[in-house]
Amino acid sequence: MNKILVTGGAGYIGSHTCIELLEAGYEVVVVDNLSNSNTEALTRVKSITGKDIAFYQVDIRDRDKMNAVFSEHAFSAVIHFAGLKAVGESVAQPLKYYDNNIYGTQVLLEIMQQHDLYHLVFSSSATVYGEPASVPITESFPLSAVNPYGRSKLFIEDMLRDVGASDPRWNAILLRYFNPAGAHCSGLIGEDPKDIPNNLMPYITQVAVKKLASLSVFGSDYATHDGTGVRDYIHVVDLAKGHLCALEKLQSKPGVVPYNLGTGIGYSVLDMVKAFEKASGCEIPYSLVDRRPGDAAICYADASLAKAELNWQAELGIEDMTRDSWRWQSGNPNGYEDT
Ligand code: NAD
Ligand code: UFG
């Protein structure tokens, strides 16, 4: 296992994973169409690690170009981050999500098969649990989708289970991420949403740098300790390290298996606001507004399977996430745009 193809490697989780891969001695090749990212992220990954990355600005749906990349390099595995991830946009433009996420993955799998490569780590999501009946959520909970984005993740998981059943050479680890947050401790790379953020942490950090006026807290009447929604926020560097554990696991030819990547701890929206205020010294103005349709009250992982079988567990906590998010946002108020 030494040369890894990282699709979507210029993005938020992908760029952090590139650092961990390079620091562990892997060679890294990135394919990204830059639809939601900037090559500056990879330039900074190179400066942090002092190592090189081969980069191809290619869409994973482009068979000819993907084929050329696979002909040029002998990969031992693929880590597949490339995908669109905005839930609201997926409701408005479902076909865009089916084309990019589902068809894109189909092309990737076909090219892998043509080049005799059967080892994949896939970015799945806790969204595949739909509206969970209870918490903590284990991998054996029923799966369902509540929006087209979630349906694309669930369909890709099914696609991988189908190819695994059809041919035992396939090994795929489905990493079901809970809520990624934080940034690399260097402050040089982090989350850089192109539009107004949908997710809580980037919204909070943009309020802190006064790019946004105030946070709307979606719902204050949930059955939680302070009435606001509870989630399992996981530091992006912990998440990135989980991919290295998954690559190790692939060597044991496990077939197609899912793992939750979360901390197992739930924090409310107001817990996150308070922790961020403490870490940054900034006040975050907020108002309590109606619930956001489709949001669960409480969602957190049982991450014991990843601990037992991947030898992985989250090491960083809410102070690390809020401090590192602030270091990134305050040092780069406009993300990568200014470079
Ligand atoms: P991101 O948007 O920062 O990264 C995705 C990258 O994929 C971007 O660089 C984008 O340009 C690229 N991309 C998209 N479509 C492509 C295509 N057709 N061809 C080539 N490149 C393409 O998002 P992220 O937060 O780093 O998420 C990475 C993966 O993890 C995604 O698949 C996402 O669905 C999944 N995920 C993210 C979260 C989260 O909250 N961030 C939670 C669960 C799962
Ligand atoms: N929230 C607010 N105000 C905001 C944004 C979010 O109050 O401006 C609240 C939400 O209501 C929720 C919590 O903050 O209670 C977290 O919301 P996010 O949008 O950050 O995250 P979600 O849990 O809704 O969804 C995220 C990803 C999905 C993924 C899911 C599970 O966006 O893609 O985690 O992994 F499927």
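Residues numbered from 1 in each chain as written. Chains lettered and ligands numbered in written order. Predicted model: local features only at pLDDT ≥ 70, side-chain atom pairs only at ≥ 80, totals over all residues. Heavy atoms only, no water.

Trainee: Could you give an account of empty space enclosed by the protein, naming the residues involved and the relevant values?
Mentor: One pass over the full model with this rule turns up one cavity of 30 Å³ or more. Approximately 100 Å³ is the volume found for the largest cavity. Looking at the lining of the largest cavity, the elements that each hand over two or more residues are β7 (179-181), α7 (200-208) and α11 (318-331). (1 Å grid on protein atoms, 1.4 Å probe; cavity = no way out; pocket = protein on both sides within 12 Å on 5 of 7 lines; lining within 4 Å. Points joined across faces, edges and corners; volume = space filled by probe spheres on them. Helix = DSSP H or I, 4+ residues; strand = E, 2+ residues; numbered from the N terminus.)

Trainee: I'd like a rundown of the packing of helix α3 (residues 63-72) against helix α5 (residues 94-114), residues and numbers included.
Mentor: Running from amino to carboxyl end, α3 crosses α5 at an angle of 40 degrees, the nearest separation of the two axes being 10 Å. As far as their axial angle goes, α5 and α3 are oblique. With respect to the hand of their crossing, α3 and α5 are arranged in right-handed fashion. Between α3, through R63, M66, N67 and F70, and α5, the contact on the second element is made entirely by Y103, V107, L108, E110, I111, M112 and Q114. Looking at side-chain class alone, the contact of α3 with α5 contains seven nonpolar, two polar and two charged residues. (Axes fitted to C-alpha atoms, helices over the stretch in contact; angles between N-to-C directions. Parallel < 35°, antiparallel > 145°, perpendicular 65-115°, else oblique. Left-handed = near helix turned anticlockwise from the far one by under 90°. Contact = heavy atoms within 4.5 Å. Nonpolar A, V, L, I, M, F, W, Y, C, P; charged D, E, K, R; others polar.)

Trainee: I'd love a proper account of the site of ligand 1, names of residues and values included.
Mentor: Around ligand 1, the surrounding shell holds 27 residues, and the nearest of these are D32, N36, S37, K85 and Y149. F81 has a polar backbone atom sitting 2.8 Å from an oxygen atom of ligand 1. With respect to ligand 1, the side chain of Y149 contributes an N or O atom lying 2.8 Å from an oxygen atom. For ligand 1, whose free accessible area comes to 820 Å², the fraction covered by protein is 96%. Elements that contribute at least two residues to the shell around ligand 1 include exactly α1 (12-23), β5 (119-125) and α6 (148-166). Partitioned by chemical class, the residues of the shell around ligand 1 number eleven nonpolar, eleven polar and five charged. (Near = heavy atom within 4 Å. Polar contact = N/O pair within 3.5 Å; in protein donor to acceptor, adjacent residues only side chain to side chain. Areas by Shrake-Rupley, 256 points an atom, 1.4 Å probe, with all protein chains shown as cover.)

Trainee: So what's going on with the side chain of H73? Which residues, and what values?
Mentor: As for its placement among the helices and strands, H73 is situated in the loop between α3 and β4 (77-80). A distance of 2.8 Å separates polar atoms of two side chains, one belonging to H73 and the other to Y56. Beyond its immediate stretch of four places on either side in the chain, H73 contacts K3, V29, A54 and Y56.

Trainee: An account of the pairing of strand β3 (residues 54-57) is needed here, citing residue identities and associated values.
Mentor: One ladder, built from four bridges, connects strand β2 (residues 27-32) with β3; its direction is parallel. Looking at the pairing, V30 lines up with F55 of β3. Running through helix α2 (residues 39-49), the crossover from β2 to the neighbouring parallel element β3 is right-handed. (Pairing = 2+ DSSP bridges. Right-handed = clockwise from strand over helix to strand, strands pointing away.)

Trainee: Account for the packing of aromatic side chains, naming residues and giving values.
Mentor: On inspection of all chains with the given rule, the structure shows six aromatic pairs. Consider the rings of Y129 and F141, whose centres lie 6.5 Å apart with planes at 85 degrees: the pair is edge-to-face. In this pair, Y129 sits in the loop between β5 and α6 while F141 sits in the loop between β5 and α6, placing the two residues twelve residues apart along the sequence. Per residue, the accessibility class of Y129 equals that of F141, and both read buried. (Phe/Tyr/Trp six-rings, centres within 6.5 Å; stacked < 30°, edge-to-face > 60°. Buried < 20%, exposed > 50% of the residue type's maximum accessible area, 1.4 Å probe, protein only.)

Trainee: Describe the pairing of strand β1 (residues 3-7), listing the residues and the values that go with them.
Mentor: In terms of burial, β1 is a largely internal element, five of the five residues being buried. The alternating pattern of β1 places K3, L5 and T7 and I4 and V6 on opposite faces, both of which are buried. Pairing of β1 with β2 involves five bridges; the strand directions are parallel. Note that in β2 the partner of T7 across the bridge is V31. Running through α1, the crossover from β1 to the neighbouring parallel element β2 is right-handed. Looking at chain direction, β1 and β4 are connected through four bridges and run parallel.

Trainee: Describe α6, listing the residues and the values that go with them.
Mentor: Under the 1.5 Å per step criterion, the end-to-end length of α6 is 26 Å for 19 residues, consistent within 8% with the ideal 27 Å. Along α6, the residues classified as buried are P148, Y149, G150, S152, K153, L154, I156, E157, M159, L160 and V163. Residues of α6 that are buried in the fold lie against α4 (87-92), α5, β5, β6 (171-177) and β11 (256-261). The N-cap of α6, judged by a side-chain oxygen 3.2 Å from the amide nitrogen of Y149 a few residues on, is N147. (Expected span 1.5 Å × (residues − 1).)

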